[in-house]
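Working through the structure, step by step
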Amino acid sequence: MLDYHLHLWPHGQRDTAPTIDQVAAYCERAQTAGVTEIALTEHLFRFRQADELLRGFWDDEPDPALAASMKSYWDDHARADLDTYVECALAARAAGLPVVLGLEVDYYRGRMDDVAALLAGYPFDVLLGSVHWLGTWRFDDLDDPLSMRQWTVRQIDAAWSDYVMAIEELAAGGTCDVLAHPDLIKVAGYRPAAPDECWARLVEAAVSSGMAAELSSAGWRKPADEAYPAPTLLREFVAAGVPLTTASDAHRVGDVADRTADLADQLDALEVATLRAFRRRKPHDVSWRTAAPGPATVPT
Ligand SMILES: [Zn+2]
Ligand SMILES: [Zn+2]
């Protein structure tokens, strides 16, 4: 199995440089769960380089409270150094740890060419594409009362439609390799009235872009109480031939490889034989049953 979605820092933690020992602890925990390769995929918005590039994307927000909240959240997060993070991951791999270098990249409407240009300067293996925010609304920030109140003033189906559109745009832009937690907007427990249309659009976004879709245990730790994607959406991805990764989306070592066996059961039930792995953003498929590691060398 793979755990292709891992964070080094909880959201409340800041200004801590990653260490090889930390990565080694992640790998050790993963291996006890039968995970043979992990991807470090810290949020792009944790880094000062993103701050320099994207600061002020909230300026168009007409709701001053939401704009101020986004600015505060951003200021709290965008503090680490991307170069140090990259060097740590590469040093961990050089030391023999089964780790690939990734990043979780949010969708910034109209700014993705700038994001791609920044990221092209680093030797990433895999880039996760995510939508956590619609404009400045952090619909998945369960601990933020302002963000959660929006669920009571917005139409649920309109929120889902906006979310799916953002995923479509993210996929069409070609910046990333994997659709992370593809139906994340269910996180707080609000489901669309007609999911089939949403599923069809999400599947088409993956198929037309060539992106893989992530099967993540993180949803089981949220009010949605369901893996990402929903079982019916997962079935649609598989039927359409969309390759899959598996992930925990852990933000601490205790959640690394969380519920890997349950993810394996889902793959089993759908007769999925391989997972998609990446080196330097080139895909290769690995058998998750035999737990075969990916190629040790980086393709040119
Ligand atoms: Zn995420
Ligand atoms: Zn994440």
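Structure first, text after, so check above.
Below: a short report on this structure. (Residues numbered from 1 in each chain as written. Chains lettered and ligands numbered in written order. Predicted model: local features only at pLDDT ≥ 70, side-chain atom pairs only at ≥ 80, totals over all residues. Heavy atoms only, no water.)

**Re the overall build of the chain**
The helix and strand inventory of the chain stands at 10 helices and nine strands. Radius of gyration (C-alpha) of the chain: 18 Å, near the 19 Å computed for a compact globule of 300 residues. Taken along its principal axes, the extent of the C-alpha atoms in the chain is 50 × 40 × 35 Å. Taken over 300 residues, the chain has a buried fraction of 54%. In the chain, 27 side chains carry a positive charge and 47 a negative one; their mean positions are 2 Å apart. (Helix = DSSP H or I, 4+ residues; strand = E, 2+ residues; numbered from the N terminus. Rg over C-alpha atoms; globule rule 2.2 N^0.38 Å. Buried < 20%, exposed > 50% of the residue type's maximum accessible area, 1.4 Å probe, protein only. Lys, Arg positive; Asp, Glu negative; His and termini not counted. Charge placed at Lys NZ, Arg CZ, Asp CG, Glu CD.)

**With respect to helix H1 (residues 20-32)**
Between the first and last C-alpha of H1 there are 18 Å, a value that for 13 residues agrees with the 18 Å anticipated at 1.5 Å per step. Among the residues making up H1, those that are buried are Val-23, Tyr-26, Cys-27 and Ala-30. The buried residues of H1 all sit within an arc of 95 degrees when viewed along its axis, so they share a single face. In this structure, H1 carries Asp-21, Glu-28 and Thr-32 as exposed residues pointing more than 90 degrees from its buried face. Contacts from the buried residues of H1 go to strand S1 (2-6), strand S2 (37-43), helix H4 (82-94) and strand S3 (99-106). (Expected span 1.5 Å × (residues − 1). Arc of directions from axis to C-beta. Contact = heavy atoms within 4.5 Å.)

**Here we look at the environment of Val-187**
When you line up the elements, Val-187 lands in the loop between strand S5 (178-179) and helix H8 (195-209). The exposure class of Val-187 is buried, given its relative accessible area of 1%. Put simply, Val-187 and Asp-125 are 62 residues apart on the chain and 27 Å apart in space, counted from C-alpha to C-alpha. Look past the residues within four positions of Val-187 in its chain and what remains in contact with it is Phe-139, Asp-140, Leu-142, Lys-222, Pro-223, Ala-224 and Tyr-228.

**Section: the packing of aromatic side chains**
Under the definition given, this model contains 18 aromatic pairs. Centre to centre, the rings of Tyr-108 and Trp-133 are 5.9 Å apart; their planes meet at 70 degrees, and the pair counts as edge-to-face. In this pair, Tyr-108 is assigned in the loop between S3 and helix H5 (112-119) and Trp-133 in the loop between strand S4 (126-130) and helix H6 (145-153), connecting sequence segments 25 residues apart. Exposure class is identical for Tyr-108 and Trp-133. Each is buried. Aromatic rings pair up to connect Phe-45, Phe-57, Trp-58, Tyr-73, Trp-74, Tyr-108 and Trp-133 into one cluster. (Phe/Tyr/Trp six-rings, centres within 6.5 Å; stacked < 30°, edge-to-face > 60°.)

**A closer look at the coordination of the zinc ion (ligand 2)**
In the first shell of the zinc ion (ligand 2), the protein supplies His-5 (NE2), His-7 (NE2), Glu-104 (OE) and Asp-249 (OD), at 2.0 to 2.3 Å from the metal. Each of the four donor atoms around the zinc ion (ligand 2) contributes to a set of angles spanning 81 to 164 degrees, which defines the coordination as irregular. (Donors = N, O, S within 2.8 Å, 3.2 Å for Na, K, Ca; no water. Tetrahedral: all angles 85-135°; square planar, octahedral: opposite > 155°, others 65-115°.)

**Side note on the nonpolar core**
Formed by 103 residues in total, the largest nonpolar core has its most connected members in Trp-74, Tyr-85, Leu-103, Tyr-108, Phe-124 and Phe-139. Top element by residues in this core is helix H7 (residues 156-173). It accounts for eight residues. Not counting chain neighbours up to four residues away, the residues in contact with Trp-74 comprise Phe-45, Ala-50, Asp-51, Leu-54, Arg-55, Phe-57, Trp-58, Tyr-108 and Trp-133. (Core = buried A, V, L, I, M, F, W, Y, C linked by side-chain atoms within 4.5 Å.)

**Some thoughts on unusual backbone geometry**
Most peptide bonds adopt trans geometry, and most residues besides glycine take a negative phi value. Residue Pro-229 follows Tyr-228 across a cis peptide bond; omega there is -5 degrees. Of note, Pro-229 is situated in the loop between strand S6 (212-216) and helix H9 (231-239). Phi is positive for Ala-257, close to 60 degrees, though the residue is something other than glycine. Topologically, Ala-257 is positioned in the loop between strand S7 (244-247) and helix H10 (260-269). Take Ala-257: its relative accessible area is 7%, and that puts it in the buried class. Even without glycine at this site, Arg-281 takes up a positive phi of about 70 degrees. Structurally, Arg-281 is set in the loop between strand S8 (274-279) and strand S9 (282-287).

**Some remarks on the environment of Ser-209**
Relative to the assigned elements, Ser-209 resides in helix H8. Along the primary structure Ser-209 and Phe-237 are separated by 28 residues, whereas in three dimensions their C-alpha atoms are 13 Å apart. Of the polar contacts made by the side chain of Ser-209, one reaches the backbone nitrogen of Met-211; its length is 3.2 Å. (Polar contact = N/O pair within 3.5 Å; in protein donor to acceptor, adjacent residues only side chain to side chain.)

**Details of the packing of H7 against H8**
Look at H7 against H8: their axes get within 9 Å of each other, and the N-to-C directions meet at 5 degrees. Taken together, the axes of H7 and H8 are roughly parallel relative to one another. Within the contact between the two elements, H7 uses Trp-160, Ser-161, Val-164, Met-165, Ile-167, Glu-168 and Ala-171 and H8 uses Cys-198, Trp-199, Arg-201, Leu-202, Ala-205 and Ser-209. Residue classes in the contact of H7 with H8 are distributed as nine nonpolar, two polar and two charged. (Axes fitted to C-alpha atoms, helices over the stretch in contact; angles between N-to-C directions. Parallel < 35°, antiparallel > 145°, perpendicular 65-115°, else oblique. Nonpolar A, V, L, I, M, F, W, Y, C, P; charged D, E, K, R; others polar.)

**Remarks on the layout of surface pockets**
Considered as a void within the structure, the largest pocket measures approximately 650 Å³ in volume. Along the walls of the largest pocket sit 26 residues, with His-11, Asp-140, Asp-143, Lys-222 and His-251 positioned nearest its centre. Among the elements that take part in the lining of the largest pocket, helix H3 (residues 64-77) stands out by supplying three residues, more than any other. Across the lining of the largest pocket, the residue classes break down as 10 nonpolar, seven polar and nine charged. Each pocket or cavity is described by its volume, and for the second largest pocket that value is around 400 Å³. (1 Å grid on protein atoms, 1.4 Å probe; cavity = no way out; pocket = protein on both sides within 12 Å on 5 of 7 lines; lining within 4 Å. Points joined across faces, edges and corners; volume = space filled by probe spheres on them.)

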